[in-house]
Structures are given as structure tokens and as C-alpha cells.
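# Examination of the molecular architecture
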Amino acid sequence: MSYECILVETRGEGSRKTGLITLNRPKQLNALSDQLMDELGQALLAFDADDGIGCIVLTGSERAFAAGADIPTMLPHTFMSAFKSGLISKNWETILQVRKPVIAAVAGFALGGGCELAMMCDFIIAADTAKFGQPEIKLGIIPGAGGTQRLPRAVGKSKAMDMLLTARMMDAAEAERAGQVSRVVPADQLMTEALAAAETINGFSGPSVMLIKELVNLAYQAPLSEGVGVERRYFHALFGSEDQREGMGAFLEKRAPAFKHS
Ligand code: HXC
């Protein structure tokens, strides 16, 4: 498969590798065009279907993860053309179908749709140069890929309102304090750190990894009692897996487990 707006490669040493996707429209600061989002969706689904891949890292450039949806192509839209073409929704939600973890490695600008895309990933590792923001209000629009919903869940109502209504940017340190990102690292160590996190996850049992992702996402949708109940069922179910025997057996035998992802 050849792509024009993204770079796709495989990294890692173990039996399960990392799928690395780099947004690559440098002249437009990785503005998220329709073509880019189509390609990203295809690449994500291909890695998700590949048994040799344990998890996925999504990154941009040193200057920008992504500066938002592509403004020139949005400008001519009318309500009816946006509505009929499914502007945004049709290829922006593919990432939500992915069952393996997707780690966002963010340096530079993550604005508008770029910030929303990062929030659709499972966790965000930020370079100390990262800047997050939802500046749509400056363009006379509002976020359209979940920004008004995921940002308050990530950082709380007051900071989300501040960001969305004033269009100010949040630097990496503020984003970490607010819970928007899981860790901040020096910019020159961003990819090393993100790929090391991916490698750690690749070494664990695939079914455990996928179930944790599903259950944490359920925490944002279901009442606590339902989420805990589903967790208990899956917890029981994993006692039917080979990897549970291997993981616990390896601990008692004081050796590294060799998971079969089954
Ligand atoms: C298309 C973009 C772009 C965008 C930047 N560029 N953002 N092109 N869509 N979202 C282009 C610029 O036009 C410019 O092209 C080049 O990238 C470099 O940008 P500069 O503005 O010259 O760089 P700088 O002065 O460093 O400012 C960087 C910036 C600024 C702060 C990120 O570019 C900016 O404010 N961009 C817009 C951010 C934004 O509003 N994002 C939200 C978009 S709406 P030329 O050809 O002049 O060199 C959105 C809605 C989402 O995301 C809805 C659901 C997904």
C-alpha cells in the first residue's frame, strides 16, 4: 500500500512489533485533509488486523503533530455540503474501531482536529515542545471531532471551558498537570520513549492488552457498577487463556513469561 500523506513503518525487536505511523504534510503543519484521514484509517486498520503487531504509535513532526483540520478545503463548505458529505465524521472515527493500543507521540502543535485526534488515541506522550489547543472559535466554528466532549473529560470543566472559549494554547507542562498527557519528555527523546512504551506493551499478553483498552473506554460510557461487572466477567474469562497459566507459572518459576497471545 502506498501513501502520500503519511509514512508507515514497523519497529521493534520482539515477536510482536510496533506499527509506527507518521503524519507527513510538513508544508501544512500536518493539517488533516480528507486524503490524510482516509490513509490514516487504512493504515490503522491494517495494523490492527496484523497478528505480528502489538500496538501502534502515531506521531507527527518536530514542529507539529497536526495543526488541525485542513482549513482551505473546509472554507467553501455550506451547511448542506458539510451535512451530505459527512464532513469530518466519515473518516475521523476509524481510529475508534482500533482494538490495539494507539499511543500519540506529540511534539509541537496539536491544535483543533490535531488535539482531537491525539485525544482519540489511548494515551499521549508529549515532548516538552508540545502545545495543545482548540482554537476553532477563532475561525467562527466549533470543534467537530469530539473536542467539546473529550477535553472536559480529560482536564475538567473549568480548564476545558478556558481552552475552548479563549482559544489559548496549553504547553506540555500544563497539559501534564491537567491530566491531558501521561508524561512529558525532552523533545529529542520523544520517539525513544514512545517506542519503548510500545515495546513494553508488545511483550504482554495481547488479549489482556485489548481488554484493558476496551474496559478503560467503557469507564467513560457506563455506570461504575456496569463497568466493574463487565471487568469481573473478563477477569474470569482470562482464566481460560494459555497466557494466564504462562504468566503466573513464569512468576513462580522466576523467569520471563513467553506469552502466546492466546
Ligand atoms: C491548512 C495550515 C493549517 C491548517 C497551518 N497551516 N495550519 N494549512 N490547515 N489547519 C499552514 C499555514 O497556512 C502555512 O502555510 C503553514 O501551514 C505554516 O503555518 P504558519 O501559520 O505560517 O506558521 P506559524 O506562524 O508558526 O503558526 C503556526 C500555527 C498557525 C499557530 C499552528 O499555523 C495556526 O494557527 N494554524 C491554524 C490552527 C487552527 O486554527 N486549527 C484548527 C483548524 S479547524 P503557507 O502556505 O502560508 O506557508 C479544525 C476543526 C476540526 O481543526 C474539526 C473536526 C476535525
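Residues numbered from 1 in each chain as written. Predicted model: local features only at pLDDT ≥ 70, side-chain atom pairs only at ≥ 80, totals over all residues. Heavy atoms only, no water.

Glancing now at the nonpolar core. Residues Leu-58, Phe-65, Leu-117 and Phe-132 are the most contacted members of the largest nonpolar core, which totals 47 residues. For this core, the element with the most residues is helix 1 (residues 34-49), which contributes six residues. The residues contacting Leu-117, other than those within four sequence positions of it, are Leu-23, Leu-32, Met-37, Leu-40, Leu-58, Phe-65, Trp-92 and Ile-95. Ranked by size, the runner-up nonpolar core spans 16 residues in total, among them Leu-20, Ala-127, Leu-190 and Leu-195. (Core = buried A, V, L, I, M, F, W, Y, C linked by side-chain atoms within 4.5 Å. Buried < 20%, exposed > 50% of the residue type's maximum accessible area, 1.4 Å probe, protein only. Helix = DSSP H or I, 4+ residues; strand = E, 2+ residues; numbered from the N terminus. Contact = heavy atoms within 4.5 Å.)

Tallied over the full model, the rule gives two aromatic pairs. Here Phe-79 and Phe-83 contribute two aromatic rings whose centre-to-centre distance is 5.7 Å and whose plane-to-plane angle is 15 degrees, an arrangement assigned as stacked. Residue Phe-79 and its partner Phe-83 are both found in helix 3 (residues 79-85); the two are separated by four residues, about one turn of the helix. By the burial criterion, Phe-79 is exposed, and Phe-83 matches it. Between Phe-235 and Phe-239 the ring centres are 5.2 Å apart and the planes differ by 80 degrees, which places this aromatic pair in the edge-to-face class. The exposure class assigned to Phe-239 is partly exposed, which follows from its relative accessible area of 39%. (Phe/Tyr/Trp six-rings, centres within 6.5 Å; stacked < 30°, edge-to-face > 60°.)

Mapped onto the secondary structure, Glu-136 falls in the loop between strand 8 (131-133) and helix 6 (147-155). At 3.2 Å, the side chain of Glu-136 and the side chain of Gln-134 are in polar contact. Among residues more than four places away in sequence, those in contact with Glu-136 are Gly-112, Gly-113, Glu-116, Ile-141, Ile-142 and Pro-143. (Polar contact = N/O pair within 3.5 Å; in protein donor to acceptor, adjacent residues only side chain to side chain.)

In this section: the domain arrangement of the protein. On domain assignment, one finds that the protein holds domain 1 (6-202) and domain 2 (206-252). Relative to domain 2, the C-alpha centre of domain 1 lies at a distance of 27 Å. Facing nine residues of domain 1, the contacting portion of domain 2 comprises seven residues. Carbon and sulfur atoms make up 55% of the surface buried where domain 1 meets domain 2, a total of about 680 Å² over both sides. On the domain 1 side of the interface with domain 2, the three residues burying the most area are Arg-99, Asp-122 and Arg-153, jointly 58% of the side's total. (Domains from an automatic or database assignment. Buried area = accessible area lost by both parts, 1.4 Å probe.)

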